[in-house]
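Okay, here's what each chain looks like letter by letter:
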Amino acid sequence: VLDLAPGSPEVVWERFKPKVRSQVRRPRKGGVTVRFGADQLKPFYQVFAHHMRDLGTPVLSRHVFELIAEVFGEEVWFGCAYLAGAPVASAAGFRWGSMFEMTWASALKRYKAIAPNMLLYWSFMERGASEGVSVFNVGRGTPGSGTPIGATVYPKRFGGAFQEAELFGFTHDGTGHVVTIHTTTGASLLFGTFKDPSTNTGISFAGAGVSSLVVIL
């Protein structure tokens, strides 16, 4: 997690090392721009699905994200980085009160040299600080593992510190159940159920895996 300065994104910016600020400026100087909004769901999914295919990982259907957008409304943020009008990186996550959690982030391999994800991550942080978010959850990870904190190296670059917490997890049995998971014992309890408003049946989160885990502080 990374502490933000609610109402003062410039304070967060000044905390970054000069190298990190330079890495954020580089894609911007190269013409990359970032857009937020519900209308970014389609380009978000375009990049996300392409990235998952490259990884050889089963991808969630776009319908799942459409339902997430419908159920969570303004509490789920979709953002995309664009170059020459085309989406080259995308991310989505949830705001839980004073915390924001980056849940999915992807980028097209052929644009790796300009690092659009650096600008995208910062744009989410900047928005969060501007809107009063005090904690930015940069991703999941395992203490002591050989993998950098979170799903990518970005949390480490931005100065995130690992914090153990309870987890929300989506089940994979098509019931739409959401459970809380104890990070030490693995014990889980039913928290609630997500239903498709059009059918009133449980949402299927098959293939969601750890990508759908949401940390609650």
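Heads up: the structure comes first, above all this text.
This one's a predicted model, so the numbers in the text were calculated from it and none came from an experiment. (Residues numbered from 1 in each chain as written. Predicted model: local features only at pLDDT ≥ 70, side-chain atom pairs only at ≥ 80, totals over all residues. Heavy atoms only, no water.)

### Some remarks on the packing of aromatic side chains
Rule in force here: Note on aromatic pairs: the rings of Phe, Tyr and Trp (six-membered ring only in Trp) are paired at centre separations within 6.5 Å, and the planes decide the class, stacked below 30 degrees, edge-to-face beyond 60, tilted for the rest. Every helix listed is a DSSP run of H or I at least four residues long, and every strand listed is a run of E at least two residues long, numbered separately from the N terminus. Each residue gets one of three labels from its accessible area relative to the maximum for its type: buried under 20%, exposed over 50%, partly exposed in between, using a 1.4 Å probe on protein chains only. Distance and angle both matter: a charge sits over a ring if NZ of Lys or CZ of Arg is within 6 Å of the ring centre and within 35 degrees of the ring normal.
Under the counting rule described, the total for this entry stands at 18 aromatic pairs. Ring geometry for Phe44 against Phe48: centres 5.5 Å apart, planes inclined by 10°, an arrangement best described as stacked. Of this pair, Phe44 and Phe48 both sit in helix α3 (residues 41–55), 4 residues apart, roughly one helical turn. Of the residues examined, Phe44 reaches a relative accessible area of 0% and is grouped as buried. Between Phe44 and Phe78, the ring centres sit 5.4 Å apart and the planes meet at 65°, which makes this aromatic pair edge-to-face. One end of the pair, Phe44, is in helix α3; the other, Phe78, is in strand β3 (residues 76–83), with 34 residues separating them in the sequence. Looking at Arg35, its charged tip hangs above the ring of Tyr82, at a distance of 3.8 Å from the centre. Above the plane of the ring of Phe36 lies Arg127, whose end atom (NZ or CZ) is 5.1 Å from the centre.

### Quick look at the packing of helix α2 (residues 18–29) against helix α5 (residues 116–130)
Between two packed helices, what matters for the description is the angle formed by their axes and the separation of those axes. Put simply, the test is: With axes taken as lines fitted to C-alpha atoms, and helix axes fitted only over the stretch in contact, angles between N-to-C directions fall between 0 and 180 degrees. Angles are sorted into four bins: roughly parallel if under 35 degrees, roughly antiparallel if over 145, roughly perpendicular if 65 to 115, and oblique for all others. In what follows, residue pairs with any heavy atoms lying within 4.5 Å of each other are defined as contacts.
Remark: α2 packs on α5, axes separated minimally by 7 Å, with the N-to-C direction vectors making an angle of 105°. Judged by the angle between their axes, α2 and α5 are roughly perpendicular. From α2, Val20, Gln23, Val24, Pro27 and Arg28 reach across to α5, where they touch Pro116, Met118, Leu119 and Trp122.

### Quick notes on the pattern of salt bridges
Worth spelling out the cut-off: Between Lys or Arg on one side and Asp or Glu on the other, a salt bridge is scored when a side-chain nitrogen of the former is within 4 Å of a carboxyl oxygen of the latter.
Summed over all chains, the structure comprises 4 salt bridges. The closest approach of N and O atoms between Arg62 and Glu66, which form a salt bridge, is 3.2 Å. Pair noted here: Arg62 and Glu66 are both in helix α4 (residues 62–72), with a separation of 4 residues, about one helical turn. Given a relative accessible area of 33%, Glu66 falls into the partly exposed group. By sharing partners, the salt bridges in this structure join Arg95, Arg127 and Glu131 into a single network.

### Some remarks on the pairing of strand β5 (residues 99–107)
The line we're drawing: When DSSP finds at least two bridges between two strands, those strands are taken to pair.
Taken across its 9 residues, β5 has 8 buried, putting it largely inside the fold. Direction of pairing for strand β4 (residues 86–96) relative to β5: antiparallel, over a ladder of 8 bridges. If you follow Ala91 over to β5, its bridge partner there is Ala105. Hairpin connection from β4 to β5: 2 residues lie between these consecutive antiparallel strands, with Gly97 at a positive phi of about 65°. When β5 meets strand β6 (residues 135–137), the two strands line up parallel, connected through 3 bridges. Within β6, the position partnered with Glu101 by the bridge is Asn137.

### Considering the packing of α3 against α4
Worth spelling out the cut-off: If you view the pair so one helix is near and one far, a crossing is left-handed when the near helix is turned anticlockwise from the far one by less than a right angle, and right-handed when it is turned clockwise. Asp, Glu, Lys and Arg are counted as charged, while Ala, Val, Leu, Ile, Met, Phe, Trp, Tyr, Cys and Pro are counted as nonpolar; the rest, among them Gly, fall into the polar class.
One can describe the packing of α3 onto α4 by two numbers: an axis separation of 11 Å at closest approach and a directional angle of 145°. As α3 packs across α4, the resulting crossing turns out to be right-handed. Together, Leu41, Lys42, Phe44, Tyr45 and Phe48 of α3 and Arg62, Phe65, Glu66 and Ala69 of α4 make up the contact between the two elements. Tallied by class, the residues present in the contact of α3 with α4 amount to 6 nonpolar, no polar and 3 charged.

### Details of the sheet that holds strand β1 (residues 2–3)
What the 6 strands build is an open sheet, ordered β1-β6-β5-β4-β3-β2; its pairing is mixed. Strand pairing shows two members of the sheet lacking a second neighbour, β1 and β2 (33–36), which therefore form its edges. Strand direction decides the pairing type here: β3 and β4, joined by 8 bridges, are antiparallel. Counted as the bridge partner of Val76 is Phe94 from β4.

### Notes on the side chain of Gln40
Inspection of the secondary structure puts Gln40 in the loop between β2 and α3. Setting aside chain neighbours within four positions, we find Gln40 in contact with Arg35, Phe78, Cys80 and Tyr82.

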